[in-house]
Amino acid sequence: STSSNLITATLFPGDGIGPEIAESVKQVFNAAEVPIEWEEHFVGTEVDPRTQSFLTWESLESVRRNKVGLKGPMATPIGKGHRSLNLTLRKELNLYANVRPCYSLPGYKTRYDDVNLVTIRENTEGEYSGLEHQVVRGVVESLKIITRQASLRVAEYAFYYAKTHGRDRVSAVHKANIMQKTDGLFLKCCREVAEKYPEIKYEEVVIDNCCMMLVKNPTLFDVLVMPNLYGDIISDLCAGLIGGLGLTPSLNIGEGGIALAEAVHGSAPDIAGKNLANPTALLLSAVSMLHHLDLNEQADKIQDAILKTIAEGKYRTGDLGGTSTTTEFTKAIIDHL
Ligand code: NAD
């Protein structure tokens, strides 16, 4: 049967604008005849005791089984006794590297025309370990955890990514002059991995200087790898260089070959349910999922159609200064396939 040729992927439409932009992905994939069958999972309405969050055990199992998925943004419900949805996914699926490509979109004018870089963020530890406490009244402490294992793992991925994506330089971003032990260990691990990849240039950049260089001339960089908090900040800075959150995709890489694609942005409650969201970030995330699956022909076809639609300028969503709805923009992409 034809269904045996289909790859099964998990899809979390997510909250807010999530279902609207996930629908856009489904329509574009159908039109492009992508051989993917979606297994849809929804965020639950009550806490699953097995995951201690609103994500069910079954939905996590779906990603583990399929090893590949796409997730819409998830708003974290307020209240006690459960874990954040995004943190649950990261921890349970061991999503150790967050890859965020960032490149100028032809025809959409920003301050720079030639941004083309990739940030790779360590996703499991650093300042996000959740270890905070009060020492005495008026004094609190937050532990920044850096391990050799997680640092080697993300550095390995960064060099592997550079090598397999035709990129020739990896910059490790750090503040080891002050954070001598933590960032020092991170750098030591990057150096060890760099020695195994003599064909890739390796450099180290202090984070404050890195910010200045990125804003002044983003073409100075190629692949950037860094601990968790720096990655969070630098990748948003990079999104700003090319036109904002409606455009930037990401791919989470996990243990055992798992890949979970998601947009960088959140659930955008201010425009949810109004057919106003820009689906580009989720669509480009889905494209990176296709590349991960080696479905490069379909990936390129969809990416070309997105870029042509934006370049043409006739159909653009509000965040890019246009007046098109999500569905009009999606239809324009399908017409360009
Ligand atoms: P947000 O990214 O949802 O929105 C910030 C601004 O950008 C808003 O004005 C929004 O309208 C706009 N925007 C974002 N995506 C857009 C798109 N695709 N098209 C057009 N405009 C877009 O950030 P927020 O408001 O700080 O967060 C809202 C919720 O999302 C919170 O509950 C937060 O926890 C959650 N969140 C989830 C993720 C995730 O699932 N990975 C990431 C960030 C925030």
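Everything quoted here is computed from the prediction, not taken from an experiment.

1. Some details on the site of the ligand
Around the ligand, a shell composed of 20 residues is seen, among which A75, H265, G266, A268 and N278 lie nearest. Considering only residue class, the shell around the ligand consists of ten nonpolar, seven polar and three charged.

2. Topic: unusual backbone geometry
A positive phi is found at E33, a non-glycine position, where the angle reads about 55°. With respect to the helices, strands and loops of the structure, E33 is situated in the loop between α1 (18-31) and β2 (36-40). Phi is positive for N275, which is not a glycine, with a value near 60°.

3. Considering the packing of helix α8 (residues 280-292) against helix α9 (residues 296-312)
Where α8 meets α9, the axes come as close as 8 Å, and the angle between the chain directions of the two elements is 160°. With respect to α9, the axis of α8 lies roughly antiparallel. Both α8 and α9 take part in a crossing whose hand is left-handed. Residue-level contacts link T280, L283, L284, V287, L290 and H291 of α8 to N296, Q298, A299, I302, Q303 and I306 of α9. For the contact of α8 with α9, a count of residues per class yields seven nonpolar, five polar and no charged.

4. A few points about the sheet that holds strand β10 (residues 223-226)
Strand order in the open sheet formed by ten strands is β2-β1-β3-β12-β11-β4-β5-β10-β8-β9, and the pairing between neighbours is mixed. Looking along the sheet, the strands with just one partner apiece sit at the ends: β2 and β9 (201-206). Sheet twist, expressed as the average angle between the axes of neighbouring strands with direction ignored, equals 25°. In this structure, strand β8 (residues 169-174) lies alongside β10, joined through three bridges in parallel fashion. Among the inter-strand pairings, S171 is bridged to a residue of β10, identified as L224. Contacting β4 (95-103), β5 (116-122), β8 and β10, helix α7 (residues 228-242) crosses the sheet at an angle of about 155° to β5.

5. Examining the pairing of strand β3 (residues 68-71)
As paired strands, strand β1 (residues 7-12) and β3 are joined by three bridges and run parallel to one another. Counterpart to T10 in the pairing with β3 is G69. Both β3 and strand β12 (residues 259-263) contribute to a ladder of four bridges, which runs parallel. Across the sheet, G69 pairs through a bridge with L260, a residue of β12.

6. A short note on the nonpolar core
Ranked by size, the top nonpolar core spans 84 residues in total, and within it I120, A158 and V225 carry the most contacts. A per-element tally of this core places α8 first, with eight residues. Excluding anything up to four places from it in sequence, I120 contacts A97, V99, V154, Y157, A158, Y161, V223, L224 and V225.

7. Focus: the confidence of the model for the protein
Considering every residue of the protein, the mean pLDDT works out to 94; 98% of them sit at 70 or more. As scored by the predictor, the complex reaches a pTM of 0.93 and an ipTM of 0.98.

8. Brief notes about the packing of α9 against helix α10 (residues 326-336)
Following both chains from N to C, one finds α9 and α10 inclined at 120°, their axes separated by 8 Å at the closest point. With respect to each other, α9 and α10 are oriented oblique. Between α9 and α10 the crossing geometry is right-handed. On the side of α9, the interface is formed by A305, I306, K308 and T309, while α10 contributes F329, A332, I333 and H336. Residues belonging to the contact of α9 with α10 are distributed by class as follows: five nonpolar, two polar and one charged.

9. Some remarks on the environment of E46
Looking at the element boundaries, E46 is found in the loop between β2 and α2 (57-66). Considered as a pair, E46 and K91 are 45 residues apart in the sequence and their alpha carbons are 20 Å apart.

Rules of the game
Residues numbered from 1 in each chain as written. Predicted model: local features only at pLDDT ≥ 70, side-chain atom pairs only at ≥ 80, totals over all residues. Near = placed C-beta within 6 Å. Nonpolar A, V, L, I, M, F, W, Y, C, P; charged D, E, K, R; others polar. Helix = DSSP H or I, 4+ residues; strand = E, 2+ residues; numbered from the N terminus. Axes fitted to C-alpha atoms, helices over the stretch in contact; angles between N-to-C directions. Parallel < 35°, antiparallel > 145°, perpendicular 65-115°, else oblique. Left-handed = near helix turned anticlockwise from the far one by under 90°. Contact = placed C-beta atoms within 7 Å. Pairing = 2+ DSSP bridges. Core = buried A, V, L, I, M, F, W, Y, C linked by C-beta atoms within 7 Å. Buried ≥ 20, exposed ≤ 12 C-beta atoms within 10 Å, placed from the backbone. pLDDT = per-residue confidence, 0-100.

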